[in-house]
Each structure stands twice: as C-alpha cells, then as structure tokens.
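What follows is each chain in one-letter form.
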Amino acid sequence: MLLASSKFDELRLDHMSRAFGTVNALRDVSLTVRKGEFIALLGPSGCGKSTALNCIAGLLATTGGSIYLDDKRIDQLKPEDRGFGMVFQNYALFPHMTVRSNIGFGLKMRGTPKAEIAKRVDEALGLVRLEGQGHKLPGQLSGGQQQRVAIARAIVIEPPLVLMDEPLSNLDAKLRLEMRAEIRRIHNQLGATTLYVTHDQDEALSLADRIVVLRDGQIRQVGMPRDLYESPDHLDIAEFMGYRNRLTGKVTARDGERATIDVRGTSFSGRLRGDIEIGGAAVIAARADDVTVSKANDALKATVETIEYRGREFVGTARTEDGLELIFHAPEAAAVGNAISLSLDPAHALIYAA
Amino acid sequence: MSSLEHTPPASLRQRLALKGLDGVTLLVVPAALFTLAIFVYPFLYGLLLSFEPKEGGIFANYQHFFSDPFLYNTIATTLWLAVPVTIISLILALPIAFRVRLMTRQRLLTTILVLPVTLGTVLVAEGLLNYLGPQGWFSRTLMLFGIIDSPVKLTNNYWGVFASLIITGFPFTFLLTLSYVSGIDPALEQAAAVHGARAWQRFRHVFLPLLIPGLAIAFLLSFVQAFAVFPSAILLGAPAGPTRVISIAAYQAAFEQYDYSMASAIAMIMAAVQLVIVVAILFVRNLFYRGSTAGGKG
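Worth saying up front: this structure is predicted, and the values here are computed from it rather than measured.

Reading the values: the criteria
- Residues numbered from 1 in each chain as written.
- Chains lettered and ligands numbered in written order.
- Predicted model: local features only at pLDDT ≥ 70, side-chain atom pairs only at ≥ 80, totals over all residues.
- Heavy atoms only, no water.
- Phe/Tyr/Trp six-rings, centres within 6.5 Å; stacked < 30°, edge-to-face > 60°.
- Helix = DSSP H or I, 4+ residues; strand = E, 2+ residues; numbered from the N terminus.
- Buried < 20%, exposed > 50% of the residue type's maximum accessible area, 1.4 Å probe, protein only.
- Lys NZ or Arg CZ within 6 Å of the ring centre and 35° of its normal.
- UniProt positions renumbered as here; feature names shortened; annotations may be inferred.

1. Observations regarding the packing of aromatic side chains
For step 1, the next point in the chain: Scanning the entire structure with this criterion turns up 22 aromatic pairs over all chains.
For step 2, the next point in the chain: Aromatic side chains Phe51 of chain B and Tyr62 of chain B sit 5.5 Å apart centroid to centroid with 35° between the ring planes, which places their arrangement in the tilted category. With Phe51 of chain B in the loop between α3 (28-50) and α4 (60-67) and Tyr62 of chain B in helix α4, this pair connects stretches of sequence that are 11 residues apart.
For step 3, the next point in the chain: Overall, Tyr62 of chain B belongs to the buried group, its relative accessible area being 16%.
For step 4, the next point in the chain: Taking 5.1 Å as the distance between ring centres and 85° as the angle between the ring planes, the aromatic pair formed by Tyr158 of chain B and Trp159 of chain B counts as edge-to-face.
For step 5, the next point in the chain: Here Tyr158 of chain B falls in the buried class, since its relative accessible area comes to 13%.
For step 6, the next point in the chain: Residue Trp159 of chain B is classed as partly exposed on the basis of its relative accessible area of 48%.
For step 7, the next point in the chain: Put simply, the rings of Trp80, Tyr158, Trp159 and Phe162 of chain B pair up and form one aromatic cluster.
For step 8, the next point in the chain: A cation over an aromatic ring shows up here: Arg153 of chain A above the ring of Phe94 of chain A, its NZ or CZ 4.8 Å from the ring centre.

2. Concerning the UniProt feature "transmembrane region" (unreviewed entry) in chain B
For step 1, the next point in the chain: If you check UniProt for "transmembrane region" (unreviewed entry), the listed places come out as residues 21-44, 70-96, 108-132, 158-181, 206-230 and 262-284 of chain B in our numbering.
For step 2, the next point in the chain: Within the segment residues 262-284 of chain B, helix and strand shares are 100% and 0% respectively, and the terminal C-alpha atoms sit 34 Å apart.

3. Points about unusual backbone geometry
All names here are of chain A.
For step 1, the next point in the chain: In the Ramachandran plot, Arg129 falls in the positive-phi region, its phi being about 60° despite a non-glycine side chain.
For step 2, the next point in the chain: Tracing the sequence through the fold places Arg129 in the loop between α3 (114-127) and α4 (143-155).
For step 3, the next point in the chain: Positive phi, close to 50°, is recorded for Glu158, a residue that is not glycine.
For step 4, the next point in the chain: By secondary structure assignment, the location of Glu158 is in the loop between α4 and β7 (162-165).

Rendered as structure tokens:
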C-alpha cells in the first residue's frame, strides 16, 4: 500500500476561540485528537462546529487560544502550510480539471514528481472505487461520485488530519448510508485521523470513535457514541440525542444512582444524572422507544392523539388525564382517540435537575 | 399501450410550446424590427454603397484604401491604441476586482468607478487637456518637486488619447471583470488553499482557467469600444499624424470630401478588422473550459 497513514501523534486545541464582532462563535474549545481516531463534532446548526473546523483548517483566523500539531503551534500558519486534507459540504471540486487532476492537485502543488503523482492518484481512485472515471470532468459525475473524488483529493496527500464538513448532507438518503460506510472503510483502511462535522446524530453515532457535542460555541460533552446515547450529561444534550419525552416534577425518593420523581401526581423512576436533593425540581427524559404500551396495573392511562407509521413499528403521541403528553412506541397501530396504557422503562429513563 | 393510442393529439399551442414558441416569444418582435431597421439595413446599404465608387470599378474604393499609406496606416494606428489600452485595462482591472470581491461595501467603490462612464468622452478630454496639458497640474507638480525641468508633453499626442481611453474604458472593463471574478465559488479557492496551493498557484491553476472565457469577452467588448475611438483622438491627440485613427479617415471621406461611397468602404474595412480580432479571440476562448464555475452540487 502506497498511501500511508497519518504521520503525527496528536492534534491539540487549547482554549481555541473565535469571535465575530461581539458574538462568540467559539469559546475555549479544548480537545485532543489522537492519531487514528475518528472524531465527530456534533451539534445543531449555528453551534460553531463548522467555525471550529474552518479554524483548524486555517480558513478562519482564531481570536484566542492555540492549536498544536504535536509540539508545533499551527494556528498562525496559512491553510496551505498546515498540510491537512479537507472535504467540503458542496465538494468544491475544480470544475475545469479532470477527476485525475482534481485528485492530484495537492501533490502537484507540493511539486511531487509526475510519475509518483500518477501512481498515487491511481491508488486513491481504487480506494474510492472510481477506477476508469479518471478522465471525466466533475460535472459528468453523480453527486456520490463527486463526493468520492473530494475524499480522494483530501486523502491522497497523506494528511495528518482529514477534515470533513457535513460531507453527506447533499446526498439522498440511500447514498448517504452507502457513503457513510465508505467513509469509515476508507478511514480504517488508511489508518487516517478524521475530524467530521455533522448535525446528524445517527451519522455521528455510527461513524465516530468519539463524539464532541458543541452547543453555543462550547463543548458540552465528549464521549464514546454509547455514552452519549445512553447517558448524556445534560438535559439539552439528551434532547438533541433523541430523548423526546421530558416531564417536569419533584424528586420524591432517591437511592444511589436511582430516583423517583412525581409529575402531577404520577410517579416515574429513572437513573439520576447529577445531584438533586429530595424535593428538588427535576426533569425525567426518555426516548419514545422506552415508553411502551403496557398491561401492568400501574400503567398510565392515556388517549392517543397522533400515530405515525415508521416501517416496523408505530410512534405516536398520547395525552394522560392529567394533561401529560407522551411520545410512545407501539408494535401495533393504535387508533387516534383510543384509550391505551403506557409505561416508561425505568432502566433507560434519565433524571436531570430542572 | 391502449392508453397511448387514445391520447388526444397535442394542440397547436402545445406543439409550438415544445419548440420554445409561446406568447412570450412575441416580445422579441420589437427588438428584432429595431435591429433590422437601424443595424441590418444601414449595414447592407453601406456595404452596397461601398461597391459604387465615384469613379473606377466596383472595388476601386478598396484598391484606393490599400494603396494609399495615409489611409491604410490608420488600421495600424488604431490597433496600436486599442490593443494596448484594452490589455492594460484588463491587467489593472483584474487585481482590483480580486480585492473588491472580498469587500463588504462594494457599492460606493463601484459608484466611483462608474462615474467616468457617465461623463462622456468629451468632458474627460477637456479635463485631461487642463490636467495633463503643458500648463496643467501634472507637469506643474512634477516641476515644483524638481523631478522634471520643462513640462512633459502628454496632450495632442498618442499618450493623451491613451490616457483618455483608459479612463473611459476602465470602469466598463472593471465591472465586467468583477462580475466574472465574483462568480467563482469561493469554496474553490479554499479547497485549493487547504490542499497546499499558494496565492499565485491558486490564481494560476484555479482562478485563471475559470476566468479566461469571461476575460475574453471583457477583452472583446473593451477592444471594440476603444477601436471606435473618435472624439478623444481629435481633442487630445494629433489627428493629422500619430493618432489619425480609422474613424477619422471615414469622417474625412464622408464630411470633408463628401464621398459617402469611400466612407462606407472605410467603415466596412473597420468592421472587418474588428471581426478578425473577435473571431481570433473567440477561437482561443473555445480552447478553454467554459462550463460552470461552481464546485459541485449547491
């Protein structure tokens, strides 16, 4: 294999900040990316994730803090002196160059001998499965193929770090799933180090080794996909990770990690996140998957308000007599207006301070 | 299949619309009539007139033009003004356009640059006569600082016309260039920079190839404008000698010798010279990439 993996140990962001006038787009972002990792920067739009990526790439100047590649400080360097590879949201392929010239662009700029460029471009074409397409112009390729060219152009220069800015957001659903698997395959095959920006939690969960959740320009949580999915640190992250049921009440009992809260006369129990005294205001959060139709005696009586078909199962909203709205999961269709009994799985519900 | 057989035939209106003809097409009619009346007809009339000389065979006017150096030299004189002026305008416009494209408040600058267009060539010529003339501010300032001993001669010669053509032609060239430069997806430059291209390489490998078709058009339009130079060649130049451009020759034939046939012949020669340049530039333009300047799906 000619294309080699990253030649560095770590990228360190040290209190990296960026302000636009009086608006802080990024505040004190500190993070260490180790060689070989696949890191997803996840957050809703406007959270600063693309700003962070552009600061690392050098396309945007930082207004505070520093960036180190091993022991070398790089935040003052121009983008062309940082040596990274980048995949842009709209691909940014050079429309007047063939696929081969696009892929070989970085090598040509570095003055690599022609014979070696040809060899490495061939290998990159193979890696992204575009053999035989090298002579075409980007305009003659489909969206997915253009995306592959953009990836090949970024990896062929053997960068210490590959930066990806929502690379799948322009593709249709089927292609997005295919390319997601391709990106991870290429990352593994190359032993690359990838920093991947996305607003799609599914993408982050399935691709990344570690996920960095950004909100309002700050890091809210860094963790493995499973940690983030099963026990987000904060209520806002839980919301973002799909905990769509949120009921506010008061803590009535606690026992180590577990607690019970009272929501308008109904008791729910779940795992405690954070420290809340008995009597303190709290929110219990649960995914639709964990609110299910039940035959138990203590189940909540509710009336179905909406129901959506999701392929194998149904997801609906229901309202209890006390006016609590719950989003639930059901294996069978329930008619709107019907009375059902719901229970909330205490093993997966989380309790946060309100 | 049966549903296809029973499809009612498309109406005449639908069939015309498929060929791109609909009610909106009629809006072209006034413009087409206008072009016929004030361009095509006079052109054909002039062409025929040029073959009806006062004396001699049908090509007598053309033979006369190409045998008299006082006449045929006007082609070289005009080219010698129009080509350098066009090239220098483009060379000036390009870097300024690259800077302006990044500015957030382009409107003020654009307004300032467009002003000379509105002034008209005569006003610019008058201004330049005062400014660049022997007693003008330009020479007086240089003399005040002891840079020169006697006034530099910048009017009533080649350089006066040159300066006036640059001033009136530049804004036009600049605005065209700016629109082409701003039309290039900024992500392309970012992609080039991240992958190692320095400023000059980004210009050479990304911007320039994408700009060539636009620059060719800007060149042609500026060139055609400069080639028709007339008022400033008389007011600021030496119309009997170094700036005796082809339009002066046509003017003299028509209004001093009252030989409309000869004047038409000169106008036809003028058109032919421009046509040769236009075709040559368009040919070169076709050798380059001419598609979209976006970097991918939007």
